[in-house]
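The chain contents come next:
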Amino acid sequence: MTNKLFAGLAAFASLGASSAYAAQPADWQMTFQPAATEIMQQIRSFEVYTLWFIIPITLFVLGLLVYVMFRFRASANPNPSRTSHNTAIEVVWTLGPVVILLAIAIPSFNLLTAQYSPPPADLTIKATGYQWYWGYEYQTENELSFDALMLQEGDRADYGKEDVAAYPRLLAVDNEVVVPVGQTVRLLVTAADVLHAFAMPAFGVKMDAVPGRLNETWFKADVEGLFYGQCSELCGKDHAYMPIAIRVVSEDQFNDWLSAAADDVEAANRNLMAAIETAEKSVDVAANEEN
């Protein structure tokens, strides 16, 4: 599992080398987004594992259908068999599925246990779904709450988010959720009006937001970057316009942002973006000097 995790993180790192450095949907994408958490890497591994059962079963059933269509068609089999029972076949088609289901169920239960057995939380954030945006409250010593609305095309310059690759249309927001890398984040999810759902594909997180109910999930991002998700519950006419954006940064950057955000969230976001851009330029310069 560790090797698979490193492989997934390496794939994400190659994505981060581009100007976008963000986990987001891609044109003609047929697989999951690169995993940014261990849970998501386990989900990806479980998908590959189940394909070892699904593909052979699908091909086997297809082969049986083709065989029956040609072998037992009326012209080739004018006198059909009257056999009504075959003990051997009945035993095989009863025990076979049981064994297959057990082989799938055991790792499935292990994955569910990992998903719903969070380690002690380093940070707690409450996410509330509204029609049609998200509101966030940080459960920290300094009170911090803000709303995150979809970034309008005419506001890109005001927020310094002209790069459409990094801040894609219909996914970018005005205020991202900021969390530290390598720390466990406890996420409390609810809604203020109708059913919503908080979904972050790269984290392997999807939790219903129900009015009057507080649901809990968690994640621990292993890589820094900007990650996008969306509301995944049909919640009304603007359901497609309430994206989720989470920015994972170093612990020092997070602490600086958290202190500044208590007074002015937008200014804190601008300072954080500037610090990230400066750090990336320093890395690029160091890499060029080494080469």
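The following paragraphs examine the structure supplied in this document. (Residues numbered from 1 in each chain as written. Predicted model: local features only at pLDDT ≥ 70, side-chain atom pairs only at ≥ 80, totals over all residues. Heavy atoms only, no water.)

## Structural notes on the pairing of strand S3 (residues 133-138)
And step 1. As paired strands, strand S2 (residues 123-130) and S3 are joined by 6 bridges and run antiparallel to one another. By the bridge assignment, Ile125 is partnered in S3 with Tyr138.
And step 2. With antiparallel pairing between neighbouring strands as the criterion, S2 and S3 make up a hairpin whose turn holds 2 residues.
And step 3. The pairing of S3 with strand S4 (residues 144-148) spans 5 bridges and is classified as antiparallel. Looking across to S4, one finds that Tyr136 is bridged to Phe146.
And step 4. Between S3 and S4, which pair antiparallel in sequence order, lie 5 residues. (Pairing = 2+ DSSP bridges. Helix = DSSP H or I, 4+ residues; strand = E, 2+ residues; numbered from the N terminus.)

## Remarks on the side chain of Lys161
And step 1. In this structure, Lys161 sits in the loop between helix H4 (156-159) and strand S5 (177-180).
And step 2. When sequence neighbours within four positions are dropped, the list of residues in contact with Lys161 reads Leu151, Arg156, Tyr167, Val173, Asp174, Asn175, Glu176 and Met273. (Contact = heavy atoms within 4.5 Å.)

## Considerations on helix H2 (residues 38-71)
Given 3.6 residues to a turn, an α-helix orients residues that are three or four positions apart in the same direction.
And step 1. With 34 residues, H2 should reach 50 Å at 1.5 Å per residue; the first-to-last C-alpha distance of 49 Å fits that figure.
And step 2. A maximum bend of about 30° is found in H2 at Leu51.
And step 3. Among all positions of H2, only Ile39, Met40, Gln41, Gln42, Ile43, Ser45, Thr50 and Phe53 are buried. (Expected span 1.5 Å × (residues − 1). Bend = angle between axes of the 7 residues up to and from the residue. Buried < 20%, exposed > 50% of the residue type's maximum accessible area, 1.4 Å probe, protein only.)

Purely spatial values, then, with no claim about function.
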